[in-house]
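Below, each chain spelled out in residue letters.
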Amino acid sequence: MRLMLALLYLLLIAGPGAADEQTMVIGYIGQQRKPALPLGPLDEAVADDGLQGARLGIADDDSTGRFLGQKFRLEEKILAPAEAPADAVRQFANAGIDFVIADLDAGQLLQASAAPGAEQMTLLNSRAPDDVLRQQDCRRNVLHTIPSRAMLADGLAQYLVWKRWQRWFLLVGPHPQDQAMAAAFRRAAARFGAEITTDQPWTFRPANGRADTGHVTLQTEIPAVTQVSDYDVLVVADEADEFGAYLEGRTALPRIVAGTQGLVATGWSAVSEEWGATQLQARFHRQAGRWMLPSDYAAWLAVRSIGEAATRLHSLDPAAIGKYMRGDAFLLAGFKGQGLSFRAWDGQMRQPILIAGPRLLISSSPQPGFLHQRTPLDTLGIDLEESTCKF
């Protein structure tokens, strides 16, 4: 009903010029990625995450924009594994495309932002959570709709501290992204008053848990790996998803597992159904035949940010849209209970962080009592006073 009333309102304010349609083309640059091997029988290999979210965003932009005579189209470029993004950026620039969804890893995002033609564009990062992209490697022409690792760690830390689970056993994987996530957890612990009682690397290589004797190996080895002094919660940094899922129910002490597995902090989860999220989940599932992933949601946010600005301004002027998106008046409804906006100092989208279990939503941060002079959302991630981003 609310959506129908909003569309009726747009129709009334559109005026007689609504029939003169204009089209905005939004670019999308993605990468061919090898789908992760299924860890368990309920896992599905997904090869189009991110792209499906951008497509739903275009459909939503088009649905709203048609009452104002606005049309939106997605121009897709998928890079081969070793392909640089410069050619795609050049093609978009030659076609007059001003907004590009950058579904790229950190290195390729920096290449894209520096490619000829990108200086006139706004790239919206929907994939890379790296904190350095919001700090020393920030770029004036890049906005971020994917939460940073600092935001995810702060969201989880607030919940654990609110629960008074303040003694952490931090278990860290061997990969660079695992190390980066662990650094974010350490920062969050110091920021919110938690204590890391044990900080330990993961060195054990378990047998496949789905093999005939895999569970036997896990059942005997994981207790040995996790035999440490007492703690409240095991915080795992395993972005590569190699071992974290094996920990639940097998640790030496009967403790909660949280972090990248178990009780997870995430930008989006299939279990979220509050604040109207059920209708977004249903529309995405009808389109993609699967549930929405965090990368899908971030790409949807990026496309919807452009469409929301165009709707509010009644204009497809890219300069006006880019200025409005970065301004204090911009707010996007993101099905998280609060309006979302971009931080002026590093281009990061403010947004709540969901704390999700395997089947149900547990909580949403910022938690009660964590206050801020601007907005509680700025208690998540890198604040203005600690930012090293220099536009």
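Cut-offs applied
Residues numbered from 1 in each chain as written. Predicted model: local features only at pLDDT ≥ 70, side-chain atom pairs only at ≥ 80, totals over all residues. Heavy atoms only, no water. Phe/Tyr/Trp six-rings, centres within 6.5 Å; stacked < 30°, edge-to-face > 60°. Helix = DSSP H or I, 4+ residues; strand = E, 2+ residues; numbered from the N terminus. Buried < 20%, exposed > 50% of the residue type's maximum accessible area, 1.4 Å probe, protein only. Pairing = 2+ DSSP bridges. Axes fitted to C-alpha atoms, helices over the stretch in contact; angles between N-to-C directions. Contact = heavy atoms within 4.5 Å.

Asker: I would appreciate a short explanation of the packing of aromatic side chains in the present structure.
Answerer: Each pair of aromatic rings is reported with the distance of its centres and the angle of its planes. Summed over all chains, the structure comprises eleven aromatic pairs. An angle of 50 degrees between the planes, with centres 5.7 Å apart, marks the rings of Trp300 and Phe335 as tilted. Taken as a pair, Trp300 in helix α9 (residues 294-313) and Phe335 in the loop between β11 (332-333) and β12 (339-342) lie far apart in primary sequence, 35 residues in all. Take Trp300 and Phe335: they sit in the same class, and that class is buried. The rings of Trp268, Tyr297, Trp300 and Phe335 are connected pair by pair, giving a single aromatic cluster.

Asker: Mind showing me how you'd approach the sheet that holds strand β4 (residues 122-125) here?
Answerer: Strand order in this open sheet of five strands is β2-β1-β3-β4-β5, and the pairing throughout is parallel. The two strands at the open ends of the sheet, each matched to only one other strand, are β2 (70-79) and β5 (142-144). On average, adjacent strands in this sheet sit at an angle of 25 degrees to one another, irrespective of strand direction. Pairing geometry for strand β3 (residues 99-102) and β4, over four bridges, is parallel. Following the sheet pairing, Val100 is matched in β4 by Leu123. Across the sheet, α9 is in contact with β1 (22-31), β2, β3 and β4; its angle to β3 comes to roughly 160 degrees.

Asker: Just to check I follow, could you spell out the pairing of strand β8 (residues 233-237) for this structure?
Answerer: Where a strand is regular, its side chains alternate between the two sheet faces. Taking burial as the measure, the five residues of β8 include five buried ones, the bulk of the element. Of the two faces of β8, the one carrying Val233, Val235 and Ala237 and the one carrying Leu234 and Val236 are both buried. As paired strands, strand β6 (residues 167-172) and β8 are joined by five bridges and run parallel to one another. If you follow Trp168 over to β8, its bridge partner there is Val233. As judged from the four bridges shared by β8 and strand β9 (residues 256-259), these two strands associate in the parallel manner. Note on β9: the bridge partner recorded for Val235 is Ala258.

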